[in-house]
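Examining the three-dimensional arrangement
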Amino acid sequence: MKLSPDETILWELGFVHLNLTIVTTWALMFVMVAGAALITRNLKSDIRISRWQCVLEIIVTGINSQIKEVGLDRPEKYISFIGTLFLFIAVANVSIILPWYHPPTGSLSTTTALAICVFMAVPFYGIGSEGFINYLKSYYQPTFIMLPFNLISEVSRTLALAIRLFGNMMSGGMVVAILITITPLIFPVIMNALGLLTGIVQAYIFSILATVYIAAAVKKPSITDK
Amino acid sequence: MQIDWFTVIAQIINFFILVWLLKRYLYQPILGAIDAREKKINGQIQDAEGKREDAQREKALYIEKNKLFDEQKQQHLNDLLDEIKAERKKRLDAVAGEAEMLRAEHKHALLTKQNDMLKEIAQKTQREVLQISRKTLKDLATVSLDEQMIAVFLKKLRTVQPEEKLQLIQAYQSAANPVRVQTAFNLDSDLQNEIKSEVDKILGASAEYLFRVSSQLTNGIELSLNGYKFSWTVSAYLDELQQEVSETIKQTSDAVAQQK
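Notes on the structure in this doc start here. As the structure is a prediction and not an experimental result, all values here were calculated from the model. (Residues numbered from 1 in each chain as written. Chains lettered and ligands numbered in written order. Predicted model: local features only at pLDDT ≥ 70, side-chain atom pairs only at ≥ 80, totals over all residues. Heavy atoms only, no water.)

A count of helices and strands for chain B gives five helices and four strands. Tracing chain B from N to C terminus, the helices and strands come up as α-α-α-β-α-β-β-β-α. What you see for chain B is a C-alpha radius of gyration of 61 Å, clearly larger than the 18 Å of a compact globule of 260 residues, by over 25%. Judged by the C-alpha coordinates and their principal axes, chain B covers about 195 × 60 × 35 Å. By residue count, 24% of the 260 residues in chain B fall in the buried class. The long-range share in chain B, meaning contacts at least 24 apart out of those at least 6 apart in sequence, stands at 77%. Carbon together with sulfur atoms contributes 54% to the accessible area of chain B, which is approximately 19200 Å² in total. In chain B, which carries 37 positive and 39 negative side-chain charges, the distance between the mean positions of the two groups comes to 5 Å. (Helix = DSSP H or I, 4+ residues; strand = E, 2+ residues; numbered from the N terminus. Rg over C-alpha atoms; globule rule 2.2 N^0.38 Å. Buried < 20%, exposed > 50% of the residue type's maximum accessible area, 1.4 Å probe, protein only. Contact = heavy atoms within 4.5 Å. Areas by Shrake-Rupley, 256 points an atom, 1.4 Å probe, with all protein chains shown as cover. Lys, Arg positive; Asp, Glu negative; His and termini not counted. Charge placed at Lys NZ, Arg CZ, Asp CG, Glu CD.)

In structure tokens, the structure reads:
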């Protein structure tokens, strides 16, 4: 039994190889981008809009409001990163209802990659907002003694992000696989439904934690003024 | 369960590509459409606000105009009523005046008619009286009334006042016409000669005479010369008689009043 889709190698040439995780990710990317392009091709700014445009607007404005609630004043600046994080994880997790589908989020490599992206995004937005020196000074806060702890915190929370998502998705797949062998009739369906819920919750947790980390790095102008 | 670093790198690249693609095809168009709609709605709201203000202004103007119109209408109505009243009064006055005038005309016509009737009665009466007198005189004294009237006329000529005589002479001297003598009956030549001789005596000259029968004279004789007239008629005689009787009655009544 394969625990991760990384183990399914489809093509290999030395260090370079295509596994199921990468191929599934490409497929998801294609579906998401093609769907978005198709729907946004005929956008209307009238009062009456199409249903699909309405769905996308609900998703985008929902993500925007969540970012704003966390404390980032200009959500349109962060929505590309945080929104993509949420949508990718959510679509990858919800797609488990498809047969023979293995979510790329069930691969530790993918979750690690996403965690590394968050790890890079935090200083990127922090430096962009506060400047390089001020961002580095934040590691000394409240005192220089906190520097190692802050550094450990940065690394540990990245690890936590990666392991949390991977653990949840992998365990969900594992549980369904085990249940299919024991009681193949009803319980796998229930667990799959539960997996859908878990997947959405995990996408939300991952993206909201990323938002919190970025918000912590970006000082709010109103607070600075006070 | 281990980390495949090639997959990690590939997934990081995949993720950033996805970020760029979704930014290009999802977030930007959707946020742009939302912004455009918000602007459009704001524009519509502002437009509606402007229209609402315009409508309020129009409403206020309309109410004001309506009020003014009502006032003007009432004013015109009042003016019209006043004009109608004035016109009614004027027409009633005109009709009343016309009625008064018609009444006066009618009254005048009645009086005229009455006078004409009285005059006619008087003339008829005179004619009847003369006829009776003529017949009576003829039957009793074998004297015609015409002859008697000429006799009276001649007597009046003989006793004419000096002023009147002078007037007759002056009229004769200034006139080129003959002396006109009008009677209600035909005069025979003896009576004509008598009159001629009496007038010639007054004038002191032999004048020319023109004798004429006039239907306008009921009875009596009239001598006219260049505007001067000398006559004796039964009407004048009766008028004179009536005047004398009236004066006598008046004097008598005054005397009775003084005695009381």
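Tracing the chain through its elements places T110 of chain A in helix α4 (residues 108-130). The buried category is assigned to T110 of chain A, whose relative accessible area is 1%. A polar contact of 2.9 Å, which involves the side chain of T110 of chain A, links it to the backbone oxygen of P104 of chain A. Sequence-distant contacts of T110 of chain A, that is, excluding residues within four places in its chain, are made with T21, F88, P104 and T105 of chain A together with Q11 of chain B. (Polar contact = N/O pair within 3.5 Å; in protein donor to acceptor, adjacent residues only side chain to side chain.)

Right, let's get into the packing of aromatic side chains. Taken as a whole and judged by the stated rule, the model has nine aromatic pairs over all chains. Ring geometry for F124 of chain A and Y125 of chain A: centres 5.3 Å apart, planes at 75 degrees, overall edge-to-face. F124 of chain A gets classed as exposed once you look at its relative accessible area, which sits at 58%. For Y125 of chain A, a relative accessible area of 12% gives the class buried. Relative to Y139 of chain A, the ring of Y135 of chain A lies with its centre 5.5 Å away and its plane at 85 degrees, an arrangement referred to as edge-to-face. In this pair, the class of Y135 of chain A matches that of Y139 of chain A, namely buried. An aromatic cluster is built from Y78, F81, F124 and Y125 of chain A together with F15 and F16 of chain B, whose rings are joined through pairwise contacts. The aromatic ring of F230 of chain B is capped on one face by K156 of chain B, whose charged end is 5.2 Å from the ring centroid. (Phe/Tyr/Trp six-rings, centres within 6.5 Å; stacked < 30°, edge-to-face > 60°. Lys NZ or Arg CZ within 6 Å of the ring centre and 35° of its normal.)

The next point concerns the interface of chain A and chain B. Listed by partner, the interface residues are 48 residues for chain A and 33 residues for chain B. In this assembly, chain A packs against chain B so that about 3600 Å² is buried in total across both faces, 78% of it on carbon and sulfur atoms. The tally of links between chain A and chain B comes to two salt bridges. Of the charged contacts in the structure, one is a salt bridge between D46 of chain A and K40 of chain B, with a shortest N-O distance of 2.6 Å. The interface formed by chain A and chain B contains 13 residue pairs in polar contact (both at pLDDT 80 or more). Sorting the residues of the side of chain A that touches chain B by element identifies β2 (16-19), α1 (20-40), α2 (51-70), α3 (75-94), α4 and α6 (146-182) of chain A as the ones contributing at least two each. (Buried area = accessible area lost by both parts, 1.4 Å probe. Salt bridge = Lys/Arg side-chain N within 4 Å of Asp/Glu carboxyl O.)

Turning our attention to the pairing of strand β1 (residues 9-13) of chain A. Residue and element names in this part refer to chain A. By the criterion of burial, β1 is predominantly exposed, with just zero of the five residues buried. In this structure, β1 lies alongside β2, joined through four bridges in antiparallel fashion. Each residue of the ladder has a partner; that of I9, found in β2, is N19. (Pairing = 2+ DSSP bridges.)

Counting 56 residues, the largest nonpolar core has F81, L85, V118 and I214 of chain A together with L22 and L26 of chain B as its most contacted members. Looking at this core, the elements that each hand over two or more residues are α1, α2, α3, α4, α6 and α7 (187-217) of chain A together with α1 (5-141) of chain B. Looking at this core element by element, the count peaks at twelve residues for α1 of chain B. Within the second largest apolar cluster, 29 residues are counted, among which are L157, I221, L225 and F230 of chain B. (Core = buried A, V, L, I, M, F, W, Y, C linked by side-chain atoms within 4.5 Å.)

Here the focus is the sheet that holds strand β3 (residues 221-225) of chain B. Residue and element names in this part refer to chain B. Read from one edge to the other, the open sheet built from four strands follows the order β2-β1-β3-β4, with strand pairing classed as mixed. Only two strands of the sheet have a single neighbouring strand rather than two, namely β2 (209-213) and β4 (228-232). Here the average twist between neighbouring strands, direction ignored, is 15 degrees. Sheet topology places β3 next to β4; five bridges connect them, and they run antiparallel. Bridged to I221 within β4 is W232. Each of β3 and β4 touches helix α2 (residues 145-158); the most contacted strand, β4, lies at about 130 degrees to it. Packing against the sheet, helix α4 (residues 189-203) makes contact with β2 and β3, and its axis sits at approximately 135 degrees to β2. (Axes fitted to C-alpha atoms, helices over the stretch in contact; angles between N-to-C directions.)

This brings us to α2 of chain A. All names here are of chain A. In this model, α2 (20 residues) spans 29 Å end to end at C-alpha, consistent with the 28 Å of a helix rising 1.5 Å per residue. Along α2, the residues that are buried comprise Q53, L56, E57, V60, I63, N64 and I67. With its buried residues spanning 135 degrees around the axis, α2 presents them on a single face. Counted as exposed and oriented over 90 degrees from the buried face of α2: R51, I58 and E69. The positive-phi residue at the C-terminal boundary of α2 is G71, with phi of around 130 degrees. (Expected span 1.5 Å × (residues − 1). Arc of directions from axis to C-beta.)

Interpretation in functional terms is not warranted from these geometric data alone.
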